[in-house]
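# Notes for the structure review
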Amino acid sequence: DIYQLGSYRAEDGQTYNVFFSDLNEQHIGIEVNAMWQVSRSVNLGGILGVGDWKYTNDATSDVYDDQTQDYIRTATTYTKDLKIADQPQTQFGLTGTFKIGKFIDLGADYIVYANNYAAFTPEKRTDPDDREQSWKIPTYDMLDIRAGFAFQLGKLDSYFSINCYNVFNQTNLFAGQLNWGDSNDIKGKIVEAEDGYDHTEETMKGFFAWGRTFDFS
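What counts and what doesn't
- Residues numbered from 1 in each chain as written.
- Predicted model: local features only at pLDDT ≥ 70, side-chain atom pairs only at ≥ 80, totals over all residues.
- Heavy atoms only, no water.
- Core = buried A, V, L, I, M, F, W, Y, C linked by side-chain atoms within 4.5 Å.
- Buried < 20%, exposed > 50% of the residue type's maximum accessible area, 1.4 Å probe, protein only.
- Contact = heavy atoms within 4.5 Å.
- Salt bridge = Lys/Arg side-chain N within 4 Å of Asp/Glu carboxyl O.
- Helix = DSSP H or I, 4+ residues; strand = E, 2+ residues; numbered from the N terminus.
- Phe/Tyr/Trp six-rings, centres within 6.5 Å; stacked < 30°, edge-to-face > 60°.
- Lys NZ or Arg CZ within 6 Å of the ring centre and 35° of its normal.

### Describing the nonpolar core
One finds L23, Y55, A59, L82, I84, A85, Y117 and F120 forming the largest nonpolar core, which totals eight residues. Excluding residues within four positions of it along the chain, Y55 makes contact with L23, N24, E25, T79, K80, D81, L82, K83, I84, F120 and P122. W135, I137, A193 and M204 belong to the second-largest nonpolar core, a separate cluster that totals five residues.

### As for the pattern of salt bridges
Evaluated as defined, the whole model comprises six salt bridges. Residue R131 is joined to D58 by a salt bridge in which the shortest nitrogen-to-oxygen separation is 2.8 Å. In this pair, R131 is assigned in the loop between β9 (116–117) and β10 (136–137) and D58 in the loop between β4 (42–55) and β5 (59–64), connecting sequence segments 73 residues apart. Overlapping salt bridges, with partners in common, bring together K54, K80 and D81 in one network.

### Structural notes on the packing of aromatic side chains
The full count for this structure, using the stated rule, is four aromatic pairs. Summarising the aromatic geometry, the rings of F149 and F151 are spaced 5.9 Å apart at their centres and angled 15° between planes, so their arrangement reads as stacked. Under the relative-accessibility criterion, F149 is labelled partly exposed at 40%. Lying over the aromatic face of F120, R125 brings its terminal NZ or CZ to 5.4 Å of the ring centre.

Structure below.
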């Protein structure tokens, strides 16, 4: 059971805190990581994750006045069979590491993310006729690479590495919240989103991933 604290707006316009104690989630899936040592200097691998995560019931809770503790009514969230949002339920990709001589090593990860639904708060799903899934974020992929170099610094064994994320720079350098319907001039891949009132692209609020970035250590 998931304990969900939410809010409920009554007919008189007042908003009350609601504590849903029987909101159930189901997490079923499989994850596979495989690695193949091609040679002493080359390793190749693959990853696969497929999940089916959803709410399994419509949760109910009695609503009480925060001050007087008077009973107001029973509130229901209509969440049965809605996908749990904000995490890709399907991921797959390839990885590789390569050594060049004794001192240089390279690595790469290419991952595809799919079946990701825009985030929503369950307590806002109060319409019994609205059983539509939250907006589904389009599938996106990402390639990251790294390089490392081992060396001696005086008498100390040292190591320098540099990482490049989103090698193909497939998204704009934008990390904010926006109304997609007002942003047709912005092109990129959305990696996070907040669901809108009608669960469409036009009303969702999206978060773009950063473009190509680097770090080193």
